[in-house]
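A look at the structure
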Amino acid sequence: MGAEVHEGENDGGVDVNRGGGVDVSKGVDREFLSLERELTLLLRRARASSGEMARQVHPELEPAAYGLLVCLDDSGPQRATDLAAYIGVGKATMSRQLRALEELGLVAREPDPADGRAWLVHLTKEGGTRFRTVRAGRRERYVRKLAGWDRTEVAELARLLRQLNESPES
């Protein structure tokens, strides 16, 4: 009683995660345990947020397909194989997701002018409008959440996340 307990530790000096469990691992760097905990929380929240945003774009849109809309909006028309590689899924999964997006009227395919055998996927006008409206709302939430941060801190966070995303898997 009366002892102050900070997040991440208890009065016995044992690392306590946010879920209430105690980390009894020996030989694992605290920094990597902390990184794992924070990334897990971030990813869980991002997954939930993507589901919500996907439903805002279209009530029948699968949360996993939201990332495809991001890629198409950022990079323009893409081949399905390039989208699959970027997202990290197989051709069958990509084909199923693109078919669902086409049925919802959010994307369309057109022949690739560089290779008549291939197709390019692009956002439809309606798909782009719906997606950009939802994305603007997400960006506004980030701005509010990080309002107390210096812009250089926001830029540094973005730089570090990009560096992590571009690191090859080992």
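Residues numbered from 1 in each chain as written. Predicted model: local features only at pLDDT ≥ 70, side-chain atom pairs only at ≥ 80, totals over all residues. Heavy atoms only, no water.

Of note, Asp112 is situated in strand E2 (residues 107-112). Discounting chain neighbours no more than four positions away, the residues touching Asp112 are Arg79, Ala118, Trp119 and Leu120. (Helix = DSSP H or I, 4+ residues; strand = E, 2+ residues; numbered from the N terminus. Contact = heavy atoms within 4.5 Å.)

Turning our attention to the nonpolar core. Residues Leu61, Tyr66, Leu69, Leu83 and Leu101 are the most contacted members of the largest nonpolar core, which totals 23 residues. At the level of elements, helix H1 (30-57), helix H2 (66-75), helix H3 (80-87), helix H4 (91-103), strand E3 (115-123) and helix H5 (125-145) are the ones that each hand at least two residues to this core. Tallying contributions element by element places H2 first for this core, with 6 residues. Those residues in contact with Leu69 that sit more than four places away from it in its chain are Val57, Leu61, Leu101, Val107, Leu123 and Phe131. (Core = buried A, V, L, I, M, F, W, Y, C linked by side-chain atoms within 4.5 Å. Buried < 20%, exposed > 50% of the residue type's maximum accessible area, 1.4 Å probe, protein only.)

Here the focus is the sheet that holds strand E1 (residues 78-79). Overall, antiparallel pairing links the 3 strands, which are arranged E1-E3-E2 in an open sheet. If you trace the sheet from one side to the other, it starts and ends with E1 and E2, each paired once. Where E2 and E3 come together, 6 bridges link them in antiparallel fashion. Its bridge partner lying in E3, Ala108 is registered against His122. Contacting E1, E2 and E3, H2 runs over the sheet at an angle of about 105° to E3. (Pairing = 2+ DSSP bridges. Axes fitted to C-alpha atoms, helices over the stretch in contact; angles between N-to-C directions.)

There is about 2,500 Å³ of room inside the largest pocket. Around the largest pocket, the lining is made up of 41 residues, and of these Leu42, Ala46, Arg138, Tyr142 and Leu161 lie nearest the centre. Mapped onto the lining of the largest pocket, the elements with two or more residues apiece are H1, H2, H3, H5 and helix H6 (151-166). The dominant element in the lining of the largest pocket, judged by the number of residues it contributes, is H1, at 10 residues. Its residues placed into classes, the lining of the largest pocket shows 21 nonpolar, 5 polar and 15 charged. (1 Å grid on protein atoms, 1.4 Å probe; cavity = no way out; pocket = protein on both sides within 12 Å on 5 of 7 lines; lining within 4 Å. Points joined across faces, edges and corners; volume = space filled by probe spheres on them. Nonpolar A, V, L, I, M, F, W, Y, C, P; charged D, E, K, R; others polar.)

Before going further, it helps to examine the pairing of E3. Where E1 lies against E3, 2 bridges are found, and the strand directions are antiparallel. Bridge pairing in E3 links Arg79 to Leu120. Here E2 folds back onto E3, and the loop between the two strands holds 2 residues.

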